[in-house]
Amino acid sequence: MARPIPALRRLLRHCFFSSSPPLAAVLRPPPPPPLNSFTFPSKSHFNSSHFFYRFFSSQPMKTLIDDETLIAQSISAELLKFTEFETLTIPQRLDLSFSHISITPSLILHTLNASPDAGRSVFDFLNWMSPKLEVTDEVYSYFVDYFGRRKDFKAVHDVLVKGKGVVGVESFRVCVDRMVRAGRGKEAVALLDRMEKDYGFSRDRVSMEFIVGKLCEKGFAGLAEKMVKGLADEFFPGDGICDVLIKGWCVDGKLDEARRLAREMYRGGFEIGTNGYNAILDCVCRLCREKDPFRLQEEAEKALVDMDAAGVPRNVETFNVMISNLCKIRKTEDAMKLFFRMGEWGCYPDATTFLVLTRSLYQAARVAEGDEMIDRMKSAGFGDALDKKAYYGFLKILCGIERIEHALSVFKMMKNDGCKPGMKTYDLLLGKLCAHGRVDKANALFHEARQKGLPVEPKEYKLDPRFMKKPEPVKKGKKRLTLPEKMALKRKRLRKLHLSFVKKPKKMMRRMLRDLYVSLSEGI
């Protein structure tokens with residue numbers, strides 16, 4: 001029998017002769033590492049004692065997974081396992097691998113975001129972590145949102161029943177939002193009647209107004225109006241509810257219903273506010289853009305006249321609606337005129353006004369005016385709104401109209417303002433530079449992104465044929481004629497010269513005179 005190797009001897013001595021935990025605890029496997037974070041150990045990890053001691057150590061594996069994201073990915077891997085061939089339940093497997101981990105709300109949120117396909121296994125995860133953490137309304141809202149994204153409202157019901165007495169405003173709002181976004185407006189309306197009895201939510205005016213607002217945002221204005229009228233004896237509607245209902249009909253594109261409701265409310269003694277008239281104005285502009293863009297300004301002017309006749313003042317949102325709709329039909333000059341007239345009504349532009357006009361000016365290839373609008377925006381104190389997303393929108397427009405040089409200057413402005421470009425920004429500029437044949441500049445940008453730690457990889461970018469350098473045609477010299485060709489040309493020129501001195505035949509001249517006499521006689 002071969003003698004055992006020194007490493008194995010040391011391992012056996014460590015396991016049986018030292019004061020160590022039971023064998024089950026010694027052989028407890030470490031938590032499964034995430035699939036995308038596996039790294040090969042270096043050579044130093046394979047020395048005789050260190051490698052085996054790390055794998056079979058009874059100490060908690062806290063040093064292996066310190067980052068919360070990595071822990072969430074490990075738990076997600078357990079939740080996504082196919083349970084048919086597993087002898088242990090999900091809580092037992094989680095206890096086996098993650099009993100030493102402290103559960104926090106942020107860890108729960110990361111785990112749910114990393115497990116979009118886990119399904120009902122997430123409910124077992126909730127049962128496992130409930131004794132380890134004081135579960136709050138915020139934590140329950142994470143699970144309600146997860147099952148709501150999957151449109152599994154039976155699981156949402158189970159979560160809310162489990163958290164009865166703890167769940168509150170946050171879980172209620174997430175539940176209503178997910179129901180309405182899933183197209184279940186009737187269930188959201190019915191929730192108001194059973195929310196207090198089934199889940200312990202407080203049934204009050206605030207809850208009713210929240211449900212009405214969500215229904216109107218997603219185009220369920222009919223259900224919202226019916227709900228408000230049915231509960232008028234219990235929760236008498238105010239002016240804010242009227243504006244929300246009008247906006248709901250406008251979101252649905254039903255301008256006649258919105259005006260009908262406005263007339264009813266005016267007769268009932270309610271005052272339609274600026275938000276309601278702005279919603280009607282936006283609906284008018286949107287319908288004109290779809291059917292007849294040339295009538296947009298005329299119809300919008302009528303809506304503004306109705307607004308002035310009712311004594312409702314305009315605000316910056318009114319001008320934003322007009323300016324954005326004019327820019328969408330490429331009437332940038334009219335939008336600029338309206339921008340300079342805002343002061344006549346005591347209104348001043350906000351960040352939305354500047355961003356919309358800047359994008360429209362760049363789209364119209366008025367790049368100098370677009371830069372000037374950015375400077376105006378900074379001078380007005382809205383420089384914080386120029387974030388990474390806003391600059392990416394500018395770059396996308398400039399690259400779309402093939403103004404790559406100006407796109408690079410805006411990219412430089414973006415970095416000077418403290419915005420760190422992301423992967424999408426570099427990928428956009430690299431593709432457009434390679435399409436223009438600017439390989440040197442593209443390589444410089446690629447190395448810059450690599451230095452910043454962005455995961456850019458070399459790709460195959462197509463060169464645009466419009467910017468492809470065409471080969472210059474070779475100028476061919478004059479062909480030298482041979483002696484027979486020269487003699488043939490000489491005879492041809494002499495023949496033409498001789499014929500020019502030959503007298504024209506008289507028969508042809510008589511025919512021409514006769515034809516002229518006949519034409520003159522017919523004319524007389």
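Note that the structure is a prediction, hence the values are computed from the model and not measured. (Residues numbered from 1 in each chain as written. Predicted model: local features only at pLDDT ≥ 70, side-chain atom pairs only at ≥ 80, totals over all residues. Heavy atoms only, no water.)

Focus: the overall build of the protein
Within the protein, the secondary structure is distributed over 27 helices and zero strands. The buried share of the protein, reckoned over its 524 residues, is 37%. When contacts within the protein are restricted to residue pairs at least 6 apart in sequence, those whose partners lie at least 24 apart make up 66%. A total accessible area of about 32,800 Å² is found for the protein, and carbon and sulfur atoms account for 56% of it. (Helix = DSSP H or I, 4+ residues; strand = E, 2+ residues; numbered from the N terminus. Buried < 20%, exposed > 50% of the residue type's maximum accessible area, 1.4 Å probe, protein only. Contact = heavy atoms within 4.5 Å. Areas by Shrake-Rupley, 256 points an atom, 1.4 Å probe, with all protein chains shown as cover.)

A word on the packing of helix 12 (residues 205–217) against helix 14 (residues 239–251)
Orientation of helix 12 relative to helix 14, taken along the N-to-C sense of each, is 20°, at an axis distance of 8 Å. Taken as axis vectors, helix 12 and helix 14 run roughly parallel relative to one another. The handedness of the crossing between helix 12 and helix 14 is left-handed. Along the contact surface, helix 12 presents Glu-209, Val-212, Gly-213, Cys-216 and Glu-217, while helix 14 presents Ile-241, Val-244, Leu-245, Gly-248 and Val-251. (Axes fitted to C-alpha atoms, helices over the stretch in contact; angles between N-to-C directions. Parallel < 35°, antiparallel > 145°, perpendicular 65-115°, else oblique. Left-handed = near helix turned anticlockwise from the far one by under 90°.)

Quick notes on helix 18 (residues 316–328)
Its 13 residues give helix 18 an end-to-end C-alpha distance of 18 Å, which sits within 8% of 18 Å, the value for a rise of 1.5 Å per residue. With 10 of 13 residues buried, helix 18 is to be regarded as a mostly interior element. Immediately downstream of helix 18, the backbone of Arg-330 shows phi near 65°, a positive value. (Expected span 1.5 Å × (residues − 1).)

Some remarks on a positive patch on the surface
Among the surface-exposed residues, Arg-491, Lys-492, Arg-495 and Lys-496 lie close enough to one another that they form a single positively charged patch. With respect to the helices, strands and loops of the structure, Lys-492 is situated in helix 26 (residues 483–500). Since its relative accessible area comes to 46%, Lys-492 is described here as partly exposed. (Patch = residues over 30% accessible without salt bridge, like charges linked within 9 Å, V, L, I, M, F, W, Y side chains within 5 Å. Salt bridge = Lys/Arg side-chain N within 4 Å of Asp/Glu carboxyl O. Lys, Arg positive; Asp, Glu negative; His and termini not counted. Charge placed at Lys NZ, Arg CZ, Asp CG, Glu CD.)

Concerning the side chain of Ser-121
Residue position: Ser-121 is located in helix 7 (residues 121–129). Dropping the residues within four chain positions of it, Ser-121 is found in contact with Leu-79 and Ile-90.

Observations regarding the pattern of salt bridges
For the structure shown, the criterion picks out 36 salt bridges. As a salt-bridge pair, Glu-264 and Lys-229 come within 3.8 Å of each other at their nearest N and O atoms. With Glu-264 in helix 15 (residues 255–267) and Lys-229 in helix 13 (residues 221–230), this pair connects stretches of sequence that are 35 residues apart. Here the salt bridges share partners, and the residues they tie into one network are Glu-225, Lys-229, Glu-257, Arg-260 and Glu-264.

Considering the packing of aromatic side chains
All chains considered together, the criterion is met by 14 aromatic pairs. Here the aromatic rings of Tyr-146 and Phe-147 are separated by 5.4 Å at their centres, their planes lie at 80°, and the arrangement is edge-to-face. Ring pairing ties together the aromatic residues Phe-172, Tyr-199, Phe-201 and Phe-210, which thus form one cluster. (Phe/Tyr/Trp six-rings, centres within 6.5 Å; stacked < 30°, edge-to-face > 60°.)

Points about unusual backbone geometry
Within the chain, Lys-151 stands out as a residue other than glycine whose phi angle is a positive 60°. For Lys-151, a relative accessible area of 52% puts it in the exposed group.

Concerning the side chain of Ser-130
One can find Ser-130 in the loop between helix 7 and helix 8 (137–149). Judged by its relative accessible area of 18%, Ser-130 falls in the buried class. Side-chain polar atoms of Ser-130 contact the backbone oxygen of Leu-126, separated by 2.5 Å. In this structure, Ser-130 is in contact with Val-135 and Lys-162, ignoring residues within four places of it in sequence. (Polar contact = N/O pair within 3.5 Å; in protein donor to acceptor, adjacent residues only side chain to side chain.)

Here we look at the packing of helix 8 against helix 10 (residues 169–181)
Across the interface, helix 8 lies against helix 10 with an axial gap of 8 Å and an inter-helix angle of 10°. Put simply, helix 8 runs roughly parallel to helix 10. Contacts between helix 8 and helix 10 pair Asp-137, Tyr-140, Ser-141, Val-144, Asp-145, Gly-148 and Arg-149 from the former with Val-169, Glu-170, Ser-171, Val-174, Cys-175 and Arg-178 from the latter. Residues of the contact of helix 8 with helix 10, tallied by class, amount to five nonpolar, three polar and five charged. (Nonpolar A, V, L, I, M, F, W, Y, C, P; charged D, E, K, R; others polar.)

Observations regarding the nonpolar core
Judged by nonpolar contacts, the single largest core of 137 residues is most densely connected at Ile-108, Phe-125, Met-129, Phe-143, Val-212, Leu-245 and Ile-323. If you tally residues by element for this core, the top one is helix 16 (residues 274–291), at nine residues. (Core = buried A, V, L, I, M, F, W, Y, C linked by side-chain atoms within 4.5 Å.)

Section: the environment of Pro-293
With respect to the helices and strands, Pro-293 occurs in the loop between helix 16 and helix 17 (296–309). With 32 residues separating them along the chain, Pro-293 and Asn-325 place their C-alpha atoms 9.8 Å apart. In contact with Pro-293, not counting residues within four places along its chain, are Cys-288 and Ile-329.

A few points about the confidence of the model for the protein
Averaged over all residues, the pLDDT of the protein equals 82, while 81% of them reach at least 70. Scored below 50 in pLDDT, residues 1–66 makes 52 contacts in the model with residues more than four places away or belonging to other chains. (pLDDT = per-residue confidence, 0-100.)

Looking at helix 20 (residues 351–363)
The α-helix winds at 3.6 residues per turn, so residues separated by three or four positions along the chain end up facing the same way. The terminal C-alpha atoms of helix 20 lie 18 Å apart, and with 13 residues this matches the ideal 18 Å at 1.5 Å per residue to within 8%. Taking burial as the measure, the 13 residues of helix 20 include 10 buried ones, the bulk of the element. Considered for burial, the residues of helix 20 that qualify are Ala-351, Thr-353, Phe-354, Leu-355, Val-356, Leu-357, Thr-358, Ser-360, Leu-361 and Tyr-362. Looking one or two places after helix 20, you find Ala-365, whose phi comes out positive at around 65°.

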